[in-house]
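# Results of the structural survey
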Amino acid sequence: MMNTWEISRSFREDNTLSHSNRPSMPLLELDEDEMEVFWNYWEQLKEIGVDPTDDELQETLNGNIRNMEDAIVAIIQYSSRPGHRWGDKSHPTTFLVKALREGWKPSKPKSSRT
């Protein structure tokens, strides 16, 4: 017999798997609405090498939903700088965790004076 936690986890995993392009994130405690921002940026995050199966990332997402979009946009901006290269495969995920925890904000576009 499954307890409430196991039922909830099973439901989250089944729900995640129903979206074929979304990875399983079993430690995630956020619902679909709370993760909407993450999924909206998922293709870009995947492109820069973020590993959503990373335990630390999942735990950090659970505790930092308020600044999720700012942190995601900031890390995407950071990775798109001219000549930027990640030091190794884990760096994009590590930097996203850092951005979430530290409340990184995206750079504001530079305004041109006329």
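To start, this report covers the structure provided alongside it.

What counts and how
Residues numbered from 1 in each chain as written. Predicted model: local features only at pLDDT ≥ 70, side-chain atom pairs only at ≥ 80, totals over all residues. Heavy atoms only, no water. Buried < 20%, exposed > 50% of the residue type's maximum accessible area, 1.4 Å probe, protein only. Helix = DSSP H or I, 4+ residues; strand = E, 2+ residues; numbered from the N terminus. Contact = heavy atoms within 4.5 Å. Polar contact = N/O pair within 3.5 Å; in protein donor to acceptor, adjacent residues only side chain to side chain. Expected span 1.5 Å × (residues − 1). Arc of directions from axis to C-beta. Patch = residues over 30% accessible without salt bridge, like charges linked within 9 Å, V, L, I, M, F, W, Y side chains within 5 Å. Areas by Shrake-Rupley, 256 points an atom, 1.4 Å probe, with all protein chains shown as cover. Salt bridge = Lys/Arg side-chain N within 4 Å of Asp/Glu carboxyl O. Lys, Arg positive; Asp, Glu negative; His and termini not counted. Charge placed at Lys NZ, Arg CZ, Asp CG, Glu CD. Core = buried A, V, L, I, M, F, W, Y, C linked by side-chain atoms within 4.5 Å.

Turning to helix α4 (residues 55–63), its buried residues are Leu57, Gln58, Thr60, Leu61 and Asn62. Looking at the packing, one finds that the buried side of α4 touches α2 (36–40), α5 (68–79) and α6 (91–102). The N-cap of α4, judged by a side-chain oxygen 3.1 Å from the amide nitrogen of Glu56 a few residues on, is Asp54.

This paragraph deals with α6. With 12 residues, α6 extends 16 Å between its outermost C-alpha atoms, agreeing within 8% with the 16 Å of an ideal straight helix rising 1.5 Å per residue. Those residues of α6 that sit buried are Pro92, Thr93, Leu96, Val97, Ala99 and Leu100. In a view along the axis of α6, the buried residues occupy a sector of 160°, so they form one face of it. On its buried side, α6 packs onto α2, α3 (42–48), α4 and α5.

Let us look at a negative patch on the surface. Together, Asp31, Asp33, Glu34 and Glu36 line one region of the surface with negative charge. Overall, the relative accessible area of 63% leaves Asp33 in the exposed class.

All right, on to the side chain of Gln58 then. For Gln58, the location among the structural elements is in helix α4. On the basis of relative accessible area, Gln58 is assigned to the buried category, the value being 1%. Among the polar contacts listed, one links the side chain of Gln58 to the backbone nitrogen of Leu27, at a separation of 2.8 Å. Looking at Gln58, its side chain comes within polar contact range of the main-chain oxygen of Thr53, at 3.2 Å.

Our next topic: the nonpolar core. Residues Met35, Phe38, Leu45, Leu61, Met68, Ile72 and Leu96 are the most contacted members of the largest nonpolar core, which totals 24 residues. For this core, the elements supplying multiple residues, two or more each, are α2, α3, α4, α5 and α6. With six residues, α5 is the single largest residue contributor to this core. The residues contacting Met68, other than those within four sequence positions of it, are Leu30, Glu34, Met35, Val37, Phe38, Leu61 and Leu100.

Before going further, it helps to examine the pattern of salt bridges. Counted according to the given criterion, the structure contains four salt bridges. For Glu43, the salt bridge goes to Lys46, with nearest N and O atoms at 3.6 Å. Remark: Lys46 and Glu43 occur in helix α3; sequence separation between them is three residues, near one turn of the helix. Judged by its relative accessible area of 42%, Glu43 falls in the partly exposed class. The closest approach of N and O atoms between Lys98 and Glu102, which form a salt bridge, is 2.9 Å. In this pair, Lys98 and Glu102 are both assigned in helix α6, four residues apart and thus about one turn of the helix distant.

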